[in-house]
Amino acid sequence: MTRLENELVTRLKTDLSHLSATALIDYLFEHDMLCYRQIESEAVYRQFRALREAGWAKCRAMGEVAHHFGCSYEKVRAIIYSQIRKTENGTED
């Protein structure tokens, strides 16, 4: 881990250990320490992959994910194809 990552872990363990998981996440979002878009993209892609692995067709799976997360099909489609490009290019985090 980097020094910054170690500092974050130390801070979380000492200063913020009294917070519940939900309160901790709220704190991290409020202080711009978490990237909402990245978390959203990962959740959408994870749900999509689960449906695909369960045998759902690609377009139907994207529609179901959009419904599940309350967003547009186009947003889900953009996230999915972006994740696929990252995977194909070997840049997946």
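Analysis parameters
Residues numbered from 1 in each chain as written. Predicted model: local features only at pLDDT ≥ 70, side-chain atom pairs only at ≥ 80, totals over all residues. Heavy atoms only, no water. Helix = DSSP H or I, 4+ residues; strand = E, 2+ residues; numbered from the N terminus. Buried < 20%, exposed > 50% of the residue type's maximum accessible area, 1.4 Å probe, protein only. Contact = heavy atoms within 4.5 Å. Axes fitted to C-alpha atoms, helices over the stretch in contact; angles between N-to-C directions. Parallel < 35°, antiparallel > 145°, perpendicular 65-115°, else oblique. Left-handed = near helix turned anticlockwise from the far one by under 90°. Nonpolar A, V, L, I, M, F, W, Y, C, P; charged D, E, K, R; others polar.

Asker: So what about the side chain of Gln83? Which residues, and what values?
Answerer: Position of Gln83 among the secondary structure elements: in helix H5 (residues 73-89). For Gln83, a relative accessible area of 7% corresponds to the buried category. When sequence neighbours within four positions are dropped, the list of residues in contact with Gln83 reads Ser41 and Tyr45.

Asker: Would you mind going over the packing of helix H3 (residues 36-53) against helix H4 (residues 58-69) in detail, with residue names and values included?
Answerer: It is at 9 Å that the axes of H3 and H4 come closest, and there the two elements cross at 135°. Overall, the two elements H3 and H4 adopt an arrangement that is oblique. H4 is crossed by H3, and the crossing has right-handed handedness. Judged by residue contacts, Ala43, Val44, Gln47, Phe48, Leu51 and Arg52 of H3 engage Lys58, Ala61, Met62, Glu64, Val65, His68 and Phe69 from H4. Here the residues of the contact of H3 with H4 sort into eight nonpolar, two polar and three charged.

Asker: Hey, could you go over the environment of Tyr27 for me, with residue numbers and the actual values?
Answerer: Tracing the backbone shows Tyr27 in helix H2 (residues 21-30). Residue classification places Tyr27 among the buried positions, given a relative accessible area of 15%. With sequence-adjacent residues up to four places away left out, Tyr27 is seen in contact with Arg11, Leu16, Leu19 and Met33.

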